Amino acid sequence: MDEDKNKNFLLLIFSLVESKYVSVAEINNLANAAHVASSSSALSELEVMPEFWLTELAACQTADEAQDILREQISEQHVIFDERYVSLLLGFLYLGVQEGKISLAEFETELVDVIDGYSNYMMLTIEDFQHDFAPLNCLPDQSTALGSYLIDAAEKSKIEFRAEIAPILSA
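Treat the numbers as computed from the prediction; the structure is a model and nothing was measured.

Before going further, it helps to spend a moment on the overall build of the protein. When helices and strands are counted, the protein shows eight helices and zero strands. Listed by position from the N terminus, the elements making up the protein come as α-α-α-α-α-α-α-α. Within the span of the protein, comprising 171 residues, buried residues form 42% of the whole. For the protein, the accessible area works out to roughly 8600 Å², and carbon and sulfur atoms hold 51% of it.

Now the structure itself:
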């Protein structure tokens, strides 16, 4: 598998974990499935990372431990946190709050952190957040800049999840 696919996969998995969209058990299952898929000659294109990385991820006990494993690989692979990562993270956060995996308060906290930390990759600002989200205390809809961005990010995240993760889990 080429280097760009490895980096894309790492960003996807990291955004899933960081957004709390997947549980530790789901992380373990994904890592086990990826390990099986990567060792299958029929699915060699799914070989995303060295075996030890998948083994460590499959055995992790907490989300923090999974994040540490992923951060180490991200560092070793020289992965750059770019607009794709931001879109994935916000998309999974939005899906997570919609599906009840995280609370609206957790979503708000994470959203502020992402906008603050990655504003150079987005056309959104804290002012957009304050205008479109804070006064409503609910998820913004398509009629606002923030809502439109989040809904678009969520759709893109679902598509990437289906394209990258679903084949591994079904292998």
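Next comes the rest of the description.
Formed by 49 residues in total, the largest nonpolar core has its most connected members in Ile-13, Leu-57 and Phe-107. With residues up to four places along the chain from it excluded, the contact list for Ile-13 reads Leu-30, Leu-57, Leu-70 and Ile-165.

Turning our eyes to something else, we now look at the pattern of salt bridges. Scanning the entire structure with this criterion turns up six salt bridges. The residue Asp-68 makes a salt bridge to Arg-71 at a minimum N-O spacing of 3.6 Å. One end of the pair, Asp-68, and the other, Arg-71, are both in helix H4 (residues 63-76), three residues apart, so they sit about a helical turn from each other. In this structure Asp-68 comes out as partly exposed when scored by relative accessible area, which is 49%. When its relative accessible area of 37% is taken as the criterion, Arg-71 is described as partly exposed.

The next point concerns the environment of Gln-61. Mapped onto the elements, Gln-61 comes out in the loop between helix H3 (51-59) and H4. A sequence separation of 33 residues divides Gln-61 from Asn-28, and the C-alpha atoms of the two residues are 8.6 Å apart. Only 3.3 Å separates the side chain of Gln-61 from the backbone oxygen of Ala-59, close enough to count as a polar contact.

The next thing to look at is the packing of aromatic side chains. A complete count under the given rule lists eight aromatic pairs for this structure. Judged by centre distance (5.2 Å) and plane angle (35°), the rings of Tyr-21 and Phe-92 are tilted. Of the two residues, Tyr-21 is situated in the loop between helix H1 (3-18) and helix H2 (24-39) and Phe-92 in helix H5 (residues 83-98); the sequence distance between them amounts to 71 residues. For the pair Tyr-21 and Phe-92, a shared accessibility class is recorded, and that class is buried. Ring-pair connections join several aromatic residues into one group, and the members of that group are Phe-14, Phe-81, Tyr-85 and Tyr-118. The ring centre of Tyr-21 lies 3.8 Å from the NZ or CZ of Lys-101, which sits over that ring.

Quick look at the packing of H1 against H5 now. Axis separation between H1 and H5 bottoms out at 9 Å; the angle between their running directions is 30°. In the crossing of H1 with H5, the sense of the turn from one axis to the other is right-handed. Two secondary-structure elements touch here, H1 through Asn-8, Leu-11, Leu-12, Phe-14, Ser-15, Leu-16 and Glu-18 and H5 through Arg-84, Tyr-85, Leu-88, Leu-89 and Phe-92. When the residues that make up the contact of H1 with H5 are grouped by side-chain class, the tally is eight nonpolar, two polar and two charged.

Conventions we followed
- Residues numbered from 1 in each chain as written.
- Predicted model: local features only at pLDDT ≥ 70, side-chain atom pairs only at ≥ 80, totals over all residues.
- Heavy atoms only, no water.
- Helix = DSSP H or I, 4+ residues; strand = E, 2+ residues; numbered from the N terminus.
- Buried < 20%, exposed > 50% of the residue type's maximum accessible area, 1.4 Å probe, protein only.
- Areas by Shrake-Rupley, 256 points an atom, 1.4 Å probe, with all protein chains shown as cover.
- Core = buried A, V, L, I, M, F, W, Y, C linked by side-chain atoms within 4.5 Å.
- Contact = heavy atoms within 4.5 Å.
- Salt bridge = Lys/Arg side-chain N within 4 Å of Asp/Glu carboxyl O.
- Polar contact = N/O pair within 3.5 Å; in protein donor to acceptor, adjacent residues only side chain to side chain.
- Phe/Tyr/Trp six-rings, centres within 6.5 Å; stacked < 30°, edge-to-face > 60°.
- Lys NZ or Arg CZ within 6 Å of the ring centre and 35° of its normal.
- Axes fitted to C-alpha atoms, helices over the stretch in contact; angles between N-to-C directions.
- Left-handed = near helix turned anticlockwise from the far one by under 90°.
- Nonpolar A, V, L, I, M, F, W, Y, C, P; charged D, E, K, R; others polar.

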